[in-house]
Structures are given as C-alpha cells and as structure tokens.
Amino acid sequence: RGVAAGPQRAHGYFLAGVWAGGALLYASMGGNDTYANMAEPIAVMLDKDASFGGSDRVLAKHLRAIAKELKAKKPSARAVGQQILAMQKVTADSK
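Rules of the game
- Residues numbered from 1 in each chain as written.
- Predicted model: local features only at pLDDT ≥ 70, side-chain atom pairs only at ≥ 80, totals over all residues.
- Heavy atoms only, no water.
- Helix = DSSP H or I, 4+ residues; strand = E, 2+ residues; numbered from the N terminus.
- Expected span 1.5 Å × (residues − 1).
- Buried < 20%, exposed > 50% of the residue type's maximum accessible area, 1.4 Å probe, protein only.
- Arc of directions from axis to C-beta.
- Core = buried A, V, L, I, M, F, W, Y, C linked by side-chain atoms within 4.5 Å.
- Contact = heavy atoms within 4.5 Å.

Caption draft 1: Quick look at helix α5 (residues 77-88). Here α5 contains 12 residues, and its C-alpha end-to-end distance of 16 Å stays within 8% of the 16 Å for a straight helix at 1.5 Å per residue. Taken residue by residue, α5 has Val80, Gly81, Ile84 and Met87 as its buried positions. Angularly, the buried residues of α5 cover 115° about the axis, an arc narrow enough to put them on a single face.

Structure (structure tokens):
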C-alpha cells in the first residue's frame, strides 16, 4: 500500500522518483525522446502542487534537466545520475 494510503503530495514525489530512475536507464541506452517527454506533465503536476513554494518546484526543475539530457545527441548517464543525487538532497519545502 505504502504511498497509495498517503497524502496526494507523496504521489508526485513517488512518480518523480520512479521516472528519474527509468531516465537513468534510458540515458545509459542512448536516450529516448518519448520517455523524456513524460517529464513535463510530471513537472507541471509538481509545480501545481507547490503550495508551499519550495521542494516541488526544485524537483520539477531537476526533472526538466534530466529530460533535456535524455534528448541530447549523446546523453550522459553520469549527468542524469548527478541530477538524481541532487533530487535526493531536496528537503521538505526548501527554496
């Protein structure tokens, strides 16, 4: 059950994390525009959920950066990994 029983905000965080993990796989395989395009709706959801103005927008920024990397001619799995590490350091409602 986990996240399914929790607050709505947790769903966005869970989805962002799952997508970011898949993005790392796609980056190591040479990128994927279709997968990269999935980031924007997730980022928009996070932006809309940013009732406290901080961490949701920061995570959305990282998702957009990962998507941009996936669309690069030669995506870097290392760059995607660095974005994921930065996402993991985001604290609740940080600016």
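Still to come is the rest of the account.
Caption draft 2: Summary view of the nonpolar core. Counting 20 residues, the largest nonpolar core has Trp19, Ala23, Leu46, Leu63, Ile66, Leu70 and Met87 as its most contacted members. Sorting the residues of this core by element identifies α1 (8-28), α2 (33-37), α3 (39-49), α4 (55-70) and α5 as the ones contributing at least two each. Dropping the residues within four chain positions of it, leucine 46 is found in contact with Gly12, Tyr13, Ala16, Asp56, Leu59, Ala60 and Leu63.

Caption draft 3: Just α3, in detail. Taken as a whole, α3 has its buried residues at Ala39, Ile42, Ala43 and Leu46. The buried residues of α3 occupy one face: seen down the axis, they fall within an arc of 100°. Across α3 from its buried face, at more than 90 degrees, point the exposed residues Pro41 and Lys48.

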